[in-house]
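Topology and contacts: notes
If you want the building blocks of each chain, they are given just below.
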Amino acid sequence: MKGKIIVKDVYVYSEEMNLTVLKTSLFFTGDGFTAYDCKGEVVFRVDTYGPDSRDLGELVLMDATGGCLLTVRRKRPSLHNRWEGYLGEREEGEKPIFSVRRSSIIGRSNVTVELYSNPTEEYQIEGSFAQRNCTFFNADKVSMAEIRRKVDAYANVVLGKDVFSLSVKPGFDSAFAMGLVLVLDQIHVDDFADNRVDVDPISDDSNHSS
């Protein structure tokens, strides 16, 4: 099977790649992700260095040694929560290589990914990232990657949502897949913040004028 290189060829595997992704706590400096292979070795990591960096709307995916592979950045202004991806560490004036936007259909969690190098190449992410249950499909509706809850094989119990599995099919760039995980997480964080404001009974009175 011919691999599709989007970020880097070393992350396009001939066999299915199963990563365990650990999301670190929101309350500590270095909030981010670490992805491990089946041997327990670090493949990818993301460090946001505390809550202030979230305001930048930009995250950098790194390899195990800290080398910058991919930058995902929120596109502003954006009606549909659009993000863009850049090779390596984004520099001013650099052109993005892909864009991610969520579906405008109310009640649907679908996300569309477009590659700028090939406008006809498109991916759909369907399911619920909040529940750690979604699938990445190519234009032919073939599954390229899946996010699932992680099960402890010894205790036979489902682990918390801060630990989950990312399975990448042969020939699909796993660095690209991990970059999309970062975007999905940020969209979910935005949704959670929006919903929290909506249901907060204090906000109606205190922020009525805003």
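Residues numbered from 1 in each chain as written. Predicted model: local features only at pLDDT ≥ 70, side-chain atom pairs only at ≥ 80, totals over all residues. Heavy atoms only, no water.

1. Describing the packing of aromatic side chains
Summed over all chains, the structure comprises 6 aromatic pairs. Three or more aromatic residues link up through ring pairs in this structure, and these residues are Phe 98, Tyr 123, Phe 172 and Phe 176. Between the NZ or CZ atom of Arg 132 and the centre of the ring of Phe 129, over which it lies, the distance is 4.4 Å. Here the basic side chain of Lys 141 rests over the ring of Phe 137, its NZ or CZ set 4.3 Å away from the ring centre. (Phe/Tyr/Trp six-rings, centres within 6.5 Å; stacked < 30°, edge-to-face > 60°. Lys NZ or Arg CZ within 6 Å of the ring centre and 35° of its normal.)

2. Describing the pattern of salt bridges
For the structure on display, the rule yields 7 salt bridges. Measuring nitrogen to oxygen at the nearest pair gives 3.6 Å for the salt bridge that ties Glu 16 to Lys 169. Placement of Glu 16 in the segment before strand 1 (17-23) and of Lys 169 in the loop between strand 14 (163-168) and helix 1 (174-199) is noted, with a sequence separation of 153 residues between them. When its relative accessible area of 38% is taken as the criterion, Glu 16 is described as partly exposed. As a salt-bridge pair, Glu 58 and Arg 90 come within 2.9 Å of each other at their nearest N and O atoms. Remark: Arg 90 occurs in the loop between strand 6 (83-87) and strand 7 (98-102) and Glu 58 occurs in strand 4 (residues 58-63); sequence separation between them is 32 residues. Through salt bridges with shared partners, one network takes in Glu 58, Arg 73 and Arg 90. (Salt bridge = Lys/Arg side-chain N within 4 Å of Asp/Glu carboxyl O. Helix = DSSP H or I, 4+ residues; strand = E, 2+ residues; numbered from the N terminus. Buried < 20%, exposed > 50% of the residue type's maximum accessible area, 1.4 Å probe, protein only.)

3. Points about the sheet that holds strand 11 (residues 143-149)
Two pairing modes exist for strands in a sheet, parallel and antiparallel, and in both the strands are linked by backbone hydrogen bonds. Overall, antiparallel pairing links the 12 strands, which are arranged 1-2-3-4-5-6-7-8-9-10-11-14 in a closed barrel. Taking each pair of neighbouring strands and ignoring which way they run, the sheet shows an average axis angle of 20°. Looking at chain direction, strand 10 (residues 133-137) and strand 11 are connected through 4 bridges and run antiparallel. Residue pairing for strand 11: Phe 137 is matched across the bridge by Ser 143. (Pairing = 2+ DSSP bridges. Axes fitted to C-alpha atoms, helices over the stretch in contact; angles between N-to-C directions.)

Honestly, it's all geometry; don't read function into it.
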